[in-house]
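Commentary on secondary and tertiary structure
Below, each chain spelled out in residue letters.
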Amino acid sequence: MSSQPATVLTGCLAPIDKGGLDDLIAKGKANPQAVKTLKCKTVAEGRFRHANYIRDLEPYIVDEPPGLLGDDTAPNPSEASLAALGSCIAVGLHANAIHRGITINSLEVELEGDLNITAVWGTGDVSEKPVGFTDVRIIVRMDADAPQDEIDALIDHVSKWSPVFNTFSRPVNMVVTSA
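Residues numbered from 1 in each chain as written. Predicted model: local features only at pLDDT ≥ 70, side-chain atom pairs only at ≥ 80, totals over all residues. Heavy atoms only, no water.

1. A closer look at a nonpolar patch on the surface
The grouping of Phe48, Leu69, Val120 and Trp121 at the surface amounts to a nonpolar patch, some 400 Å² of accessible area in total. As for its placement among the helices and strands, valine 120 is situated in the loop between β6 (104-115) and β7 (133-144). (Patch = residues over 30% accessible without salt bridge, like charges linked within 9 Å, V, L, I, M, F, W, Y side chains within 5 Å. Areas by Shrake-Rupley, 256 points an atom, 1.4 Å probe, with all protein chains shown as cover. Salt bridge = Lys/Arg side-chain N within 4 Å of Asp/Glu carboxyl O. Helix = DSSP H or I, 4+ residues; strand = E, 2+ residues; numbered from the N terminus.)

2. With respect to the sheet that holds strand β5 (residues 60-62)
Pairing is antiparallel across the open sheet formed by three strands, whose spatial order is β3-β4-β5. Only two strands of the sheet have a single neighbouring strand rather than two, namely β3 (41-46) and β5. Across this sheet, the average inter-strand angle for adjacent strands is 30 degrees, counted without regard to direction. Where β3 and strand β4 (residues 49-53) come together, five bridges link them in antiparallel fashion. Bridge assignment links lysine 41 to a residue of β4, and that residue is tyrosine 53. (Pairing = 2+ DSSP bridges. Axes fitted to C-alpha atoms, helices over the stretch in contact; angles between N-to-C directions.)

3. Quick notes on helix α3 (residues 148-161)
Here α3 contains 14 residues, and its C-alpha end-to-end distance of 20 Å stays within 8% of the 20 Å for a straight helix at 1.5 Å per residue. Turning to α3, its buried residues number three or more, namely Ile151, Leu154, Ile155, Val158 and Ser159. For α3, the angular spread of the buried residues around the axis is 135 degrees, confining them to a single face. Along α3, exposed side chains directed more than 90 degrees from the buried face belong to Asp149, Asp156, Lys160 and Trp161. (Expected span 1.5 Å × (residues − 1). Buried < 20%, exposed > 50% of the residue type's maximum accessible area, 1.4 Å probe, protein only. Arc of directions from axis to C-beta.)

4. Observations regarding the side chain of serine 162
Residue position: serine 162 is located in the loop between α3 and α4 (163-169). There is a polar contact of 3.0 Å between the side chain of serine 162 and the backbone nitrogen of phenylalanine 165. (Polar contact = N/O pair within 3.5 Å; in protein donor to acceptor, adjacent residues only side chain to side chain.)

All quantities given are derived from atomic positions and should not be read as evidence of function.
Okay, structure coming up:
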């Protein structure tokens with residue numbers, strides 16, 4: 001029986017099950033080549049509003065702002081991708097802090113990205129230019145019971161191992177077909 005507590009308090013953040021984290025770590029080490037397929041079904045609801053169905057969760061809505069002819073009821077696709085990136089980094093920081101015995105009192109990840117939207121989804125100016133984000137800036141604000149150099153090393157480590165960070169920073173094989 002481990003002397004570790006079943007849950008680890010992380011300052012003002014909700015507790016994480018340390019035993020569950022240890023189990024995930026052991027599973028990953030036991031089968032390092034495992035690949036999990038994630039799925040999402042996107043259904044157009046009208047104008048540029050879309051419901052995204054993931055697992056058995058309520059639909060995740062994505063829309064465009066009025067300047068892009070949407071109803072502004074939810075983040076647009078590019079904003080949603082920044083949210084996914086920020087959330088993935090925050091999850092990684094939280095898990096790695098627990099694994100290293102660091103208590104986090106507060107954690108914020110602020111992101112901003114630059115993209116050229118003049119192609120208007122391929123209907124506008126289609127001259128040669130980068131499509132999608134060309135630059136993304138990330139600021140991590142973390143108050144923890146560790147020296148700043150240890151926090152900086154933690155951020156670097158998480159950036160290296162974040163699935164969404166890696167999706168943004170390296171080429172991904174993509175296949176689009178009609179059904």
